[in-house]
Structure formats: C-alpha cells, structure tokens
Amino acid sequence: MNKVIITAAISGAETTRDQQPNLPYTPDEMAIAAKEAREAGVSVIHLHARNDDGTPSADPGRFRECLAAIRGATDVVVEFTTGGAIGMSDDERLAPLAVKPEMASLDCGSVNFADEILPNSLPSMRRFATVMRELGVKPTFECFDVGHVYNANILIKEGLVKPPFHFTFVLGVPGGMPATMEALMMMKAALPDADLEWTGIGVGGRGSVLIPPVSALMGGHARIGFEDNIYYTRGVVAQSNAQLARRIADMVRAYGGQIATPDDVRERFGLKKN
Ligand code: ZN
C-alpha cells in the first residue's frame, strides 16, 4: 500500500485528565476528537471507552454509544481495543466486540506493563481471534515484543486469521521493546512473508515523535494520540489529538507520501462498515 494510514489512539485507558486536560472521556468528546483528527489526516480511531469520571469501561453499551457518536460526526474506521485496561478479564476485554466494530486490536503475547502484567496466553489469543472471525471484525495484531510477532504467525498458520494482516509494533512500554530505530527494525524483520500492513507506535514523549514518521518512511503506517503520548513537545501537553495528527501528516507529505482515507483503509482490509 503506498498511502500512509494514520491511526489516532485518542484516549487509551490509563492516562487521566489531571495529566492531559484535553483527554476525551464521554461519547460526545470522543466524537469531537475523532472528527478533528480526521480533518488532520487520521483514517482510523483506536478506541477505549471511558466512564464519565474517566475510569476505563468494558461496557458494550458504552462502546456502542461512542461508536454511534463517532459515526454521527465523521467517516473514520473505528478499531476497538481488546487489551482493555490492566486487570480486566478476557471476558471483559472481549465484551465490546458484540458491537461489531470494523477492526479490533488483538494482543499477541503477555508483557510487563511497568509494575503490572498484561496477560495473553496462546489459548486466550486463539479465543480472541476466533471471536473476531465469527463477528467479522478485522484483527490488528498488537505486538509489544519481537516474540509477539511470531505468536501472531501461529494464529496465521492455524488459519484463525485471514489475510491481509495488520500488525502494530507498540514500542516504549516499560516491559516491552524500547522505542528505538533498532527495535523497530528488529520487529519489521520478524514479520512473516505475507500480505500485510504494519503500523509503528511509539509510547512516551521521545518515542512517539520518532517511531511514527520512521515507520511511515520504512513502508509502514503511523499511530499517534493521547494513549501513546500526552505531550506535543518536551513538557508541553498537546492541545488535541488532531494537533499530533497534523504533525505526522505534514511529515508524511513533506517526504512525498500520501495520506490514506478511511475508504482506502476499508478497501485494503476488505472492511464492511456496520
Ligand atoms: Zn489501546
């Protein structure tokens, strides 16, 4: 694919409004963030739902409200998280898929998350892949470590996921691969020889500035947003997800690249808008 897909992870589950005052919580706030991000070049929204007080939600009803609000505001592809939040059970993490989003993340291995652990056994991964296949949801293989890329390949070989595949490399989580060029190249080198796209994600201030544009230059795609990083520059919180999106879109264009539209993404992955 010669156009760059920009994904915005507009909220995440862990950051709070004390840290980032412009973080969206409610469905209406998610819709505004999605619309602004779309205008800045974003074609995919990676969605975690929040309760009004900002705590993470696994309620399918809340996800449905967020999806409806975003759908009412703009035409972006919406990818639900199934990583959920630290401490959620597999059942809680899978529950929002009942809403049948176009895409969903599928964590491809366990990883330390600072002092916590995000557990993803191979049987869990098979179950997540099977549920997505049954519901017609396109999985995004979320890889925090190079071994996770090989885990994804097990699901592929077992026929649980159909091509074209989408991988994300989440670099910079304390416990996973660092947000460095060397780590990014190692992840890319581990990809299977298959029909696929991949997206680079840098977590934290420096990584989030480095990894998305380098990924785009290396033939991949880019993710930005408050889930990954709340700052625009060192010590200065970003005004909006759109502000972060505009920077990466400008960089892609400066290097002669083109920005994918939501319909480009739908065509590439064979998505059906629900
Ligand atoms: Zn997420």
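For the structure itself, consult the block above.
Below you will find a few notes about this structure. (Residues numbered from 1 in each chain as written. Predicted model: local features only at pLDDT ≥ 70, side-chain atom pairs only at ≥ 80, totals over all residues. Heavy atoms only, no water.)

1. A look at the overall build of the protein
What the protein contains, in helices and strands, is nine helices and 16 strands. For 274 residues, the compact-globule estimate of 2.2 N^0.38 gives 19 Å, and the protein sits close to it at 17 Å. Taken across its 274 residues, the protein has 56% of its residues classed as buried. For the protein, long-range pairs separated by at least 24 residues make up 71% of all intrachain contacts whose partners lie at least 6 apart in sequence. Surface accessibility of the protein: about 11,200 Å² in total, with carbon and sulfur atoms responsible for 51%. (Helix = DSSP H or I, 4+ residues; strand = E, 2+ residues; numbered from the N terminus. Rg over C-alpha atoms; globule rule 2.2 N^0.38 Å. Buried < 20%, exposed > 50% of the residue type's maximum accessible area, 1.4 Å probe, protein only. Contact = heavy atoms within 4.5 Å. Areas by Shrake-Rupley, 256 points an atom, 1.4 Å probe, with all protein chains shown as cover.)

2. Focus: the packing of helix α1 (residues 27-39) against helix α2 (residues 60-73)
It is at 8 Å that the axes of α1 and α2 come closest, and there the two elements cross at 40°. One element, α1, and the other, α2, form an angle in the oblique class. The two elements α1 and α2 meet at a crossing, and its hand is right-handed. Across the interface between the two elements, P27, D28, M30, A31, A34 and K35 from α1 touch R62, E65, C66, A69, I70 and A73 from α2. Looking at the contact of α1 with α2 residue by residue, the classes come out as eight nonpolar, no polar and four charged. (Axes fitted to C-alpha atoms, helices over the stretch in contact; angles between N-to-C directions. Parallel < 35°, antiparallel > 145°, perpendicular 65-115°, else oblique. Left-handed = near helix turned anticlockwise from the far one by under 90°. Nonpolar A, V, L, I, M, F, W, Y, C, P; charged D, E, K, R; others polar.)

3. Observations concerning the pairing of strand β10 (residues 138-143)
Most of β10 is tucked away, with six of its six residues classed as buried. Burial along β10 is two-sided: K138, T140 and E142 facing one way and P139, F141 and C143 facing the other are all buried. Direction of pairing for strand β7 (residues 103-107) relative to β10: parallel, over a ladder of five bridges. Within the sheet, the bridge partner assigned to S105 lies in β10 and is T140. Pairing geometry for β10 and strand β11 (residues 165-171), over three bridges, is parallel. Within β11, the residue paired with E142 across the bridge is T168. With helix α5 (residues 146-157) bridging β10 and its parallel neighbour β11, the resulting β-α-β unit is right-handed. (Pairing = 2+ DSSP bridges. Right-handed = clockwise from strand over helix to strand, strands pointing away.)

4. Description of the coordination of the zinc ion
Within the first shell, the zinc ion binds the protein through H46 (NE2), H48 (NE2), E227 (OE) and E227 (OE), at distances of 2.1 to 2.6 Å. The sequence pattern describing where the donors of the zinc ion fall on their chain is H-x1-H-x178-E. In this pair, H48 sits in the loop between β3 (44-47) and β4 (49-50) while E227 sits in the loop between β13 (221-224) and β14 (231-233), placing the two residues 179 residues apart along the sequence. Taking relative accessible area as the criterion, H48 reaches 5% and is therefore assigned buried. By relative accessible area, E227 is classed as partly exposed at 26%. (Donors = N, O, S within 2.8 Å, 3.2 Å for Na, K, Ca; no water.)

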